[in-house]
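A structural walkthrough
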Amino acid sequence: MDLIFEGIWKAFYLLATFDPEVMQITLLSLQVSGTATFISLLIGISIGTTVALAEFPGRKFVVSLINTGMGLPPVVVGLFVTIFLWRNGPLGFLGVLYTPTAMIIAQAIIATPIVMGITLAAIQALPKNLRLQILSLGATRFQMVWILVKEARLPLLAGVMAGFGGVISEVGASIMVGGNIKGYSRVLTTATVMETSRGNFDIAIALGVILLLLAYFINMVLTHVQQRERPR
Amino acid sequence: MNGSGLILEGKDLQVYKGGSLVLEVPVLRIGEGEVLSLIGPNGAGKTTLLQTLARLIKLSRGEILFKGEKVFSNHSVFDYRRKLAMVFQEPLLFDTTVFENVASGLKIRGINRSETAKRVDENLEQFGVSHLKGRSARKISGGEAQRVALARALAIQPEVFFLDEPFASLDPPSRESLIEDLERILRKTGTTTIFATHDRMEALRLSDRIAVMNGGKILQIGPPAEVMNQPLDEFVASFVGMETILTGQVIKRDRGSFVASIMGQEVEAVGEIGVGESVVFCIRPENVTLTVPPHKESSSARNIFPGKILKTIPMGLYYKVQLDCGFLLVAYVTGHSLENLSLTEGQEIVASFKATAIHVIRKTKKAL
């Protein structure tokens, strides 16, 4: 028990004193996962909206692919990104394996289907006639899509949160493509894994607390979204 | 048509959905300033016709002319849509303030702020919802939301206004006051309006012409009085409230009138129809008079039939009485007369109606 209490005590000390290593790891985590989420939003929202609004043969298949993608196992993503970025791999010439860039790529691949799937669902959940209503107000196609996305902004925010939550807490792909290099590609999750295996529970707990706080924040926003007024 | 010319014309309109023909309108002309209502049961094609005329759904065949000009290419469809507005059964308000909702059509058009603010205020005012201006559109009642939706549509100052059952989901008091306001506003602005409803009373009240639809076709179109009193076929007759529809054969002919046999009973009606021809008699329930026997021969009605009350059904302010006079006859009586005559089910009664109260539809044999 002493170990745990001592660990917790030291963890809060590290947090309260803004321990440089902990801070650096946290910032890198936010930076990598934030960038990856941003990329996933660009791709996910645009494709998700297009698929939601378009009618084409094989649409059901595409939707089921996207939904499957929402549950991509990070290790598998890590594996394939590693293979592609490997020195002799197809994208080996980029020389980005074991860099934060590689982690951003892997995390964006994990987050994109999540954002895309939620966008698809959010746009489809809008009233059937809303699209016609917007067009009848004189909107161009572009204006119509923009208004629809604005109408779905709260569920889309849920998508952002789910995407971000998925990648910030992900460890498999990050450790495989980032290499957990101290001061360079070490993030909250990979550091927690390593410190725990070394028996440095204080730092591990401090990192864990930060992850928990982030999880709490994300869930707070999601709950707020779920509890909002129903549209009429 | 109280306007000068045609504003909208549909020619040979056909729409297929999932391989089946859901709309077939060979010709439809709408005059400037006219209020046309489309009535018919659910699935009659009213919504499809509205959305087709608004070019919100694709035509499988045919063309639409706006002020004599064809609406066809993508560009002109878009220009055309900017001249019209549409309100649906659901208010479909955006998740923002009431003001922003009413302003949305104007913002889409890039109209400047002061003009937008002015028009929004005017329209909120005329629909009596100015006090809601700053409120979230999510936090207003259903009736208020529909008023905001109407204000949003009219803020555009459309040349053609499409309404798709806008009152159908409102409670009776909100519906009543909203119809009253809309009627006033439409008369004032003289906006050409095409209005779908399944409620014939709404149609009667608001329109210059009524089109009765069923199965994707317009069965009859004309001024309200004509459609209500001279339905072209049995479907229209039943839809416009002719509760009694009887089929029979002409057995006697006189000058200006004839007698048809209906289930063995002789019923006299007005018209020039030859012996042997098949006819359909349509009788409005409000034109049938009930008396308790013995019947005094004072009424001018030619058709007097003793019968028995099968059923009395309360309809709000009046009762619907179903009678068996050898044929089935429906009459309306007020609650007051129901009590006075102490009408009960199974009671013997005398029903009478004038020969002129019968609308006659000739059953002509279809040409080959």
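Residues numbered from 1 in each chain as written. Chains lettered and ligands numbered in written order. Predicted model: local features only at pLDDT ≥ 70, side-chain atom pairs only at ≥ 80, totals over all residues.

What follows is about the overall build of chain B. Secondary structure summary: chain B contains 10 helices and 20 strands in total. Its C-alpha atoms put chain B at 75 × 55 × 40 Å along the principal axes. Every one of the 368 residues in chain B was classed for burial, and the buried ones make up 39%. A fraction of 66% describes how many contacts in chain B between residues 6 or more apart in sequence connect residues 24 or more apart. (Helix = DSSP H or I, 4+ residues; strand = E, 2+ residues; numbered from the N terminus. Buried ≥ 20, exposed ≤ 12 C-beta atoms within 10 Å, placed from the backbone. Contact = placed C-beta atoms within 7 Å.)

Turning to the domain arrangement of chain B, a few remarks are in order. All names here are of chain B. The domains assigned to chain B are domain 1 (6-239) and domain 2 (244-362). Taking only C-alpha atoms, the centre of domain 1 and the centre of domain 2 are 39 Å apart. Counting from both sides, the interface comprises seven residues of domain 1 and, opposite them, five residues of domain 2. In terms of residue count, the dominant contributor to the side of domain 1 that touches domain 2 is helix α9 (residues 234-239) (three residues). (Domains from an automatic or database assignment.)

Moving on, we come to the interface of chain A and chain B. Listed per partner, the contact involves 17 residues of chain A and 24 residues of chain B. Elements with a minimum of two residues in the side of chain A that touches chain B: α6 (130-136) and α7 (141-151) of chain A. Per-element tally for the side of chain A that touches chain B: the top contributor is α6 of chain A, with five residues.

All right, on to helix α6 (residues 172-189) of chain B then. All names here are of chain B. With 18 residues, α6 extends 25 Å from end C-alpha to end C-alpha; this agrees with the ideal 26 Å at 1.5 Å per step. Buried within α6 we find Leu178, Leu182 and Leu186. Down the axis, α6 shows its buried residues gathered within 65° of arc, on one side only. Relative to its buried face, α6 has exposed residues pointing more than 90 degrees away, namely Pro173, Glu176, Glu180, Arg184, Arg187 and Lys188. Lining the buried residues of α6 we find β3 (35-39), α5 (142-155) and β8 (192-197). One or two residues past the end of α6 sits Gly190, with phi positive at roughly 65°. (Expected span 1.5 Å × (residues − 1). Arc of directions from axis to C-beta.)

Further remarks concern the sheet that holds strand β11 (residues 244-253) of chain B. Residues and elements named next belong to chain B. Ordered in space as β13-β12-β11-β14-β20, the five strands form an open sheet in which the pairing is antiparallel. In the strand order of this sheet, the two ends are held by β13 (265-270) and β20 (358-362), each with one partner. Along the sheet, successive strands turn relative to each other by an average axial angle of 45°, direction set aside. Relative to β13, strand β12 (residues 257-262) runs antiparallel, the two being bridged by six bridges. Within the sheet, the bridge partner assigned to Ser257 lies in β13 and is Val270. (Pairing = 2+ DSSP bridges. Axes fitted to C-alpha atoms, helices over the stretch in contact; angles between N-to-C directions.)

A separate point is the nonpolar core. Ranked by internal contacts, the top residues of the largest apolar core, which has 160 residues, are Ala106 of chain A together with Val148 and Phe162 of chain B. When residues of this core are assigned to their parent elements, the largest contribution, 16 residues, is made by helix α5 (residues 100-124) of chain A. Structurally, this core is a two-domain feature, drawing no fewer than three residues from each of domain 1 (6-239) and domain 2 (244-362) of chain B. (Core = buried A, V, L, I, M, F, W, Y, C linked by C-beta atoms within 7 Å.)

Right, let's talk about the sheet that holds strand β1 (residues 6-17) of chain B for a bit. All names here are of chain B. Within the open sheet, the four strands sit side by side as β2-β1-β4-β5. Their pairing is antiparallel. Each edge of the sheet is formed by a strand with only one pairing partner; in this case those strands are β2 (20-31) and β5 (69-70). Of the pairings in the sheet, the one linking β1 to strand β4 (residues 61-66) comprises five bridges and is antiparallel in character. Residue pairing across strands places Gly10 opposite Ile64, the latter belonging to β4.

A few words on helix α8 (residues 153-168) of chain A. The end-to-end C-alpha separation of α8 of chain A is 22 Å, in line with the 22 Å expected for 16 residues at 1.5 Å each. Those residues of α8 of chain A not exposed but buried are Leu156, Ala158, Gly159, Val160, Met161, Gly163, Phe164, Gly165, Gly166, Val167 and Ile168 of chain A.

All names here are of chain A. In contact at an axis separation of 6 Å, helix α2 (residues 20-53) and α5 are set at 35° when each is read in the N-to-C sense. For the pair α2 and α5, the crossing hand works out as right-handed. Within the contact of α2 with α5, the residues separate by chemical class into 20 nonpolar, 11 polar and no charged. (Left-handed = near helix turned anticlockwise from the far one by under 90°. Nonpolar A, V, L, I, M, F, W, Y, C, P; charged D, E, K, R; others polar.)

On to the confidence of the model for chain B, then. The share of residues in chain B with pLDDT of 70 or more is 95%, and the mean pLDDT across the chain is 90. Of the two predicted TM-score estimates for the complex, the pTM is 0.84 and the ipTM is 0.84. (pLDDT = per-residue confidence, 0-100.)

When a strand is regular, its side chains alternate between the sheet's two faces. Residues and elements named next belong to chain B. In this sheet, β12 lies alongside β11 in antiparallel orientation, the contact comprising four bridges. Paired with Arg253 across the strands is Phe258, a residue of β12. Hairpin connection of β11 to β12: three residues between the antiparallel strands, including Gly256 at a positive phi of 75°. Taking the residues between adjacent antiparallel strands as the criterion, β12 and β13 are bridged by two residues, where Met263 takes a positive phi near 50°.

By the element assignment, Ser20 of chain B lies in strand β2. Between the C-alpha atom of Ser20 of chain B and that of Gly248 of chain B, which follows or precedes it by 228 residues, the distance is 35 Å.

Residues and elements named next belong to chain A. Where helix α4 (residues 74-85) contacts α5, the axes come no closer than 10 Å and their chain directions differ by 135°. In terms of their interaxial angle, α4 and α5 are classed as oblique. Here α4 and α5 pass one another in a crossing that is right-handed. Between α4 and α5, the contacting residues are Pro74, Val77, Gly78, Val81 and Leu85 on the first element and Ala102, Ile105, Ala106, Ile109 and Ile110 on the second. Partitioning the contact of α4 with α5 into residue classes produces nine nonpolar, one polar and no charged. (Parallel < 35°, antiparallel > 145°, perpendicular 65-115°, else oblique.)

This part covers unusual backbone geometry. Residue and element names in this part refer to chain A. In this model, Asn180 sits at a positive phi of 55°, which is unusual for a non-glycine residue. On the secondary structure map, Asn180 appears in the loop between α9 (172-178) and α10 (188-198). The exposure class of Asn180 is partly exposed, given the 18 C-beta atoms found within 10 Å.

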